[in-house]
Amino acid sequence: LSATATSMSLLAGYVGNRLGRLVLDQTGLTGAYDFTLDWAPDESPDSSTPSLATAIREQLGLKLDSRKAPVEVLVIDRLNRPTEN
């Protein structure tokens, strides 16, 4: 992953999509950053490339913590077909 002028919230969204989980940016960093991140997408045990979480920690100095946090949820109570004109 090569990123240019990327915010931490964009990185969190990308990592969340890759991990299939919600990732919240709690770094407090507000700037835009350029970085390259190398990891093994398939996480094969014999790969010399680290997992995504390890790469984030070792290459970017960021840590992923698993915790419960409140999130916004959209609830749709009912769905009606539009009426004809």
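The structure displayed is predicted, hence computed values, not measured ones.

**Examining the overall build of the protein**
At step 1: Of regular secondary structure, the protein possesses two helices and two strands.
At step 2: Secondary structure elements of the protein, listed N to C terminal, follow the sequence β-α-β-α.
At step 3: Against the 2.2 N^0.38 benchmark of 12 Å for 85 residues, the protein shows a C-alpha radius of gyration of 18 Å, more extended than a compact globule.
At step 4: Its C-alpha atoms give the protein principal-axis dimensions of about 60 × 35 × 30 Å.
At step 5: Evaluated residue by residue, the protein yields a buried proportion of 18% over its 85 residues.
At step 6: Put simply, of all contacts in the protein between residues at least 6 apart along the chain, 51% involve residues at least 24 apart.
At step 7: Here the protein displays about 7200 Å² of accessible surface, and carbon together with sulfur accounts for 48% of that area.
At step 8: Distance between charge centres in the protein, computed from 8 positive and 11 negative side chains, equals 9 Å.

**Some remarks on a nonpolar patch on the surface**
At step 1: Residues L22, L24, V71, V73 and V75 make up a contiguous nonpolar surface patch of roughly 500 Å² in combined accessible area.
At step 2: Among the secondary structure elements, V75 is positioned in the segment after helix 2 (52-60).
At step 3: Look at V75 and you get exposed, because its relative accessible area is 59%.

**Details of the nonpolar core**
At step 1: Judged by nonpolar contacts, A3, M8, L11, V15, F35, L37, W39, L52, A55, I56 and L62 together constitute the single largest core of eleven residues.
At step 2: With sequence-adjacent residues up to four places away left out, A55 is seen in contact with L37, D38, W39, P50 and L60.

**So, helix 1 (residues 8-19)**
Helical geometry note: an α-helix holds 3.6 residues per turn, so side chains three or four residues apart project in the same direction.
At step 1: Between the first and last C-alpha of helix 1 there are 16 Å, a value that for twelve residues agrees with the 16 Å anticipated at 1.5 Å per step.
At step 2: When we look at burial in helix 1, the residues that qualify are M8, L11, A12, V15 and G16. Along the long axis of helix 1, the arc covered by the buried residues comes to 135°, so they all point the same way. Away from its buried face, by an angle of more than 90 degrees, helix 1 presents the exposed residues L10 and N17.
At step 3: Along its buried surface, helix 1 packs onto strand 1 (2-6), strand 2 (33-36) and helix 2.

**What to know about the layout of surface pockets**
At step 1: Looking at the largest pocket, its volume works out to about 720 Å³.
At step 2: Taken together, 21 residues make up the lining of the largest pocket; nearest its centre are V23, L24, K63, L64 and D65.
At step 3: When residues of the lining of the largest pocket are assigned to their parent elements, the largest contribution, five residues, is made by helix 1.
At step 4: Its residues assigned to classes, the lining of the largest pocket comprises 13 nonpolar, three polar and five charged.

Reading guide: rules and limits
- Residues numbered from 1 in each chain as written.
- Predicted model: local features only at pLDDT ≥ 70, side-chain atom pairs only at ≥ 80, totals over all residues.
- Heavy atoms only, no water.
- Helix = DSSP H or I, 4+ residues; strand = E, 2+ residues; numbered from the N terminus.
- Rg over C-alpha atoms; globule rule 2.2 N^0.38 Å.
- Buried < 20%, exposed > 50% of the residue type's maximum accessible area, 1.4 Å probe, protein only.
- Contact = heavy atoms within 4.5 Å.
- Areas by Shrake-Rupley, 256 points an atom, 1.4 Å probe, with all protein chains shown as cover.
- Lys, Arg positive; Asp, Glu negative; His and termini not counted.
- Charge placed at Lys NZ, Arg CZ, Asp CG, Glu CD.
- Patch = residues over 30% accessible without salt bridge, like charges linked within 9 Å, V, L, I, M, F, W, Y side chains within 5 Å.
- Salt bridge = Lys/Arg side-chain N within 4 Å of Asp/Glu carboxyl O.
- Core = buried A, V, L, I, M, F, W, Y, C linked by side-chain atoms within 4.5 Å.
- Expected span 1.5 Å × (residues − 1).
- Arc of directions from axis to C-beta.
- 1 Å grid on protein atoms, 1.4 Å probe; cavity = no way out; pocket = protein on both sides within 12 Å on 5 of 7 lines; lining within 4 Å.
- Points joined across faces, edges and corners; volume = space filled by probe spheres on them.
- Nonpolar A, V, L, I, M, F, W, Y, C, P; charged D, E, K, R; others polar.

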